[in-house]
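As a plain string of letters, each chain reads:
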Amino acid sequence: MNVSRENDPDFTGCPDRRDTGSEKWDRWAGRDILPLWVADMDLRAPEVVLDAIRGRVDHGVFGYTHEPPGFAPALTDHLAARHGWIVDPAAIIGTPGVVTGLSVTARLLADADDEILTFTPVYPPFLTLPGLAGRRCVRVPLAQGPAAWTIDWDAVEAAITSKSKLFWLCHPHNPTGTVFGCAELLRLADTAERHGLTVVSDEIWSDLLLDDSLQHIPFASLDHPAARRAITLVAPSKTWNLAGLGCAAAIVPDPTHRRQWRAAGGGLVPMVNPLGYAAAEAAWRHGDDWRRRLIAVLRGHRDLLLAAVARIPGLTCVAPQATYLAWIDCRDTGVADPQAACEAAGLGPSDGREFSAPGFIRLNLACPTPRLEEALRRLANAFPT
Ligand SMILES: Cc1ncc(COP(=O)(O)O)c(C=O)c1O
């Protein structure tokens, strides 16, 4: 592959991902279906990150690796600069994925048959992981408003029982793109405190807010007792497109929990690989310029998507405030199976059924603009008037 040093400053191209073991591109391999489903981007990672990986490769020794000395400070500096959140580097544990981290919290902080609450619709592992850990998932539906999906507090209170132990918060929220505000987070903290719940906040999307008027507030940064014991999961993987490198971080304030964390992994959770650590550190330290330019592109893509949806009778989409995902309501189109209709039209979104929301599709907007434009033409063909 021949790529210039100033790699794609306008995000206009992407190397061919077929035959690279790409989960996204292999799903409909050999068929003319544009895959806009799983949340990775059809964009190369920033050059600063690639350089850091090359530097680590040149070292040439890849033995068992725990958090290198630069990892936690790179993250804490990033959290302070971007979100005004001061975190003790000692609280940070490297983990090969946010999903892995969620599973560990289920085992660490809940017993068999205890309940883990979460807002729905939601990223599918939130629905499936509790069961895999022998815990129970309790779904709390969000309310679909005109400008954002919002919390239905009556539904929250109605869902809580004496078996409720954890609240898995997805913040910003996948798939709706909602950025929860200070008042909502504080009310959730109050609720958690009243019922003895621990909040685990998956903030993997927190560096991809699309509106300058909004600010990501880490749940654990609130001045509240429930926030002080919350566990936060973050990763550079969504923002800088590094999912295949398997590097995330848990921010675990309680030293006892930190000691118990590895044991809760049950010997199943591997260490983070050294290339993942190198990439994460470089992304947090040096990736902000790239991130800002990416957001400008993603905003344009959101506009293209909303305009396309507005032209198709029966489709609606609440504009995402964060993420590069569009959560599209197809229930008024009269099409019984929107996923099948999209695939027949050459478009591969995620199926809302997997998120606990039949009648919806989720579209990944993070690809070169011409590819998105073609995808939107196919979307229109899937829902003919
Ligand atoms: C909310 C959320 N959490 C976690 C993940 C996956 O994280 P990881 O690859 O670090 O397990 C995703 C991926 O799309 C996600 O959207």
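Keep in mind that this is a model prediction, so the values were computed, not measured. (Residues numbered from 1 in each chain as written. Predicted model: local features only at pLDDT ≥ 70, side-chain atom pairs only at ≥ 80, totals over all residues.)

Caption draft 1: Geometry of the overall build of the protein chain. A tally of helices and strands in the protein chain yields 14 helices and 15 strands. The globule rule puts the C-alpha radius of gyration for 385 residues at 21 Å, and the 20 Å found for the protein chain is close to it. Taken over the C-alpha atoms alone, the protein chain extends approximately 60 × 55 × 40 Å along its principal axes. Residue pairs in contact within the protein chain that sit at least 24 positions apart in sequence constitute 73% of those at least 6 positions apart. (Helix = DSSP H or I, 4+ residues; strand = E, 2+ residues; numbered from the N terminus. Rg over C-alpha atoms; globule rule 2.2 N^0.38 Å. Contact = placed C-beta atoms within 7 Å.)

Caption draft 2: Looking closely at the site of the ligand. In the vicinity of the ligand there are 13 residues, among which Ala 39, Gly 97, Val 98, Val 99 and Asn 174 approach most closely. Of the residues contributing to the shell around the ligand, the split by class is 9 nonpolar, 3 polar and 1 charged. (Near = placed C-beta within 6 Å. Nonpolar A, V, L, I, M, F, W, Y, C, P; charged D, E, K, R; others polar.)

Caption draft 3: View of the environment of Leu 185. Relative to the elements of secondary structure, Leu 185 occurs in helix 7 (residues 182-195). Linking Leu 185 and Ala 307, residues 122 residues apart in sequence, is a C-alpha distance of 31 Å. Beyond its immediate stretch of four places on either side in the chain, Leu 185 contacts Phe 180, Ile 217, Phe 219 and Leu 222.

Caption draft 4: Examining the pairing of strand 12 (residues 325-329) more closely. For strand 12, the tally of buried residues reaches 4 of 5 residues, placing the bulk of the element in the interior. Taken together, the 2 bridges between strand 11 (residues 316-317) and strand 12 define a ladder with antiparallel strand orientation. Opposite Thr 316, over in strand 12, you have Asp 329 as the bridge partner. The pairing of strand 12 with strand 15 (residues 360-364) spans 5 bridges and is antiparallel. Across the sheet, residue Ile 328 finds its bridge partner in strand 15, namely Ile 361. (Buried ≥ 20, exposed ≤ 12 C-beta atoms within 10 Å, placed from the backbone. Pairing = 2+ DSSP bridges.)

Caption draft 5: Representation of the domain arrangement of the protein chain within the structure. We note that the domain assignment places domain 1 (23-47 + 288-382) and domain 2 (62-286) within the protein chain. Once you take the C-alpha centre of each, domain 1 and domain 2 turn out to be 25 Å apart. On the side of domain 2, 30 residues touch domain 1, which itself brings 26 residues to the contact. Of all the secondary-structure elements, those providing two or more residues to the side of domain 1 that touches domain 2 are helix 12 (288-310), strand 12 and strand 15. The biggest single contributor to the side of domain 1 that touches domain 2 is helix 12, with 5 residues. Across the side of domain 1 that touches domain 2, the residue classes break down as 16 nonpolar, 4 polar and 6 charged. (Domains from an automatic or database assignment.)

Caption draft 6: Structural context of the nonpolar core. Residues Val 199, Ile 251, Ala 279 and Ile 328 are the most contacted members of the largest nonpolar core, which totals 116 residues. What Ile 251 contacts, discounting residues up to four positions off in sequence, is Val 87, Ala 91, Ile 92, Ala 220, Ile 231, Thr 232 and Val 234. (Core = buried A, V, L, I, M, F, W, Y, C linked by C-beta atoms within 7 Å.)

Caption draft 7: Geometry of helix 14 (residues 369-382). With 14 residues, helix 14 extends 20 Å from end C-alpha to end C-alpha; this agrees with the ideal 20 Å at 1.5 Å per step. Among all positions of helix 14, only Leu 372, Ala 375, Leu 376, Arg 378, Leu 379 and Ala 382 are buried. For helix 14, the buried positions fall inside an angular range of 160° around the axis, keeping them on one side. Looking at the buried residues of helix 14, the elements they touch are strand 1 (34-35), helix 12, helix 13 (338-344) and strand 13 (347-348). (Expected span 1.5 Å × (residues − 1). Arc of directions from axis to C-beta.)

Caption draft 8: Geometry of the sheet that holds strand 4 (residues 136-141). Strand order in the open sheet made by the 7 strands is 2-10-9-8-7-3-4, with mixed pairing throughout. What marks the edges here is a single partner per strand, and that holds for strand 2 (92-95) and strand 4. Averaged over all adjacent pairs, the angle separating strand axes in this sheet is 25°, with direction ignored. Relative to strand 9 (residues 231-234), strand 8 (residues 198-202) runs parallel, the two being bridged by 3 bridges. Bridge pairing in strand 9 links Val 200 to Ile 231. Each of strand 2, strand 3 (115-120), strand 7 (164-170), strand 8, strand 9 and strand 10 (248-251) is contacted by helix 4 (residues 98-109), which is oriented at about 175° to strand 8, the strand it contacts most. (Axes fitted to C-alpha atoms, helices over the stretch in contact; angles between N-to-C directions.)

Caption draft 9: The arrangement of helix 2 (residues 47-59) in detail. Taking 1.5 Å as the rise per residue, helix 2 with 13 residues should run 18 Å; its terminal C-alpha atoms sit 19 Å apart, in good agreement. As for helix 2, its buried residues are in contact with helix 9 (237-240) and helix 11 (274-286). At the exit of helix 2 stands Gly 60, carrying a positive phi of roughly 85°.

Caption draft 10: Region of the structure containing the confidence of the model for the protein chain. Chain-level statistics for the protein chain give a pLDDT mean of 96 and a share of 98% at 70 or above. Scored below 50 in pLDDT, residues 1-6 makes 2 contacts in the model with residues more than four places away or belonging to other chains. (pLDDT = per-residue confidence, 0-100.)

Caption draft 11: Structural context of the pairing of strand 4. Pairing geometry for strand 3 and strand 4, over 6 bridges, is parallel. By the bridge assignment, Ile 116 is partnered in strand 4 with Cys 137. Taking the sense of rotation as the criterion, the β-α-β connection linking strand 3, helix 5 (residues 125-132) and strand 4 turns out right-handed. (Right-handed = clockwise from strand over helix to strand, strands pointing away.)

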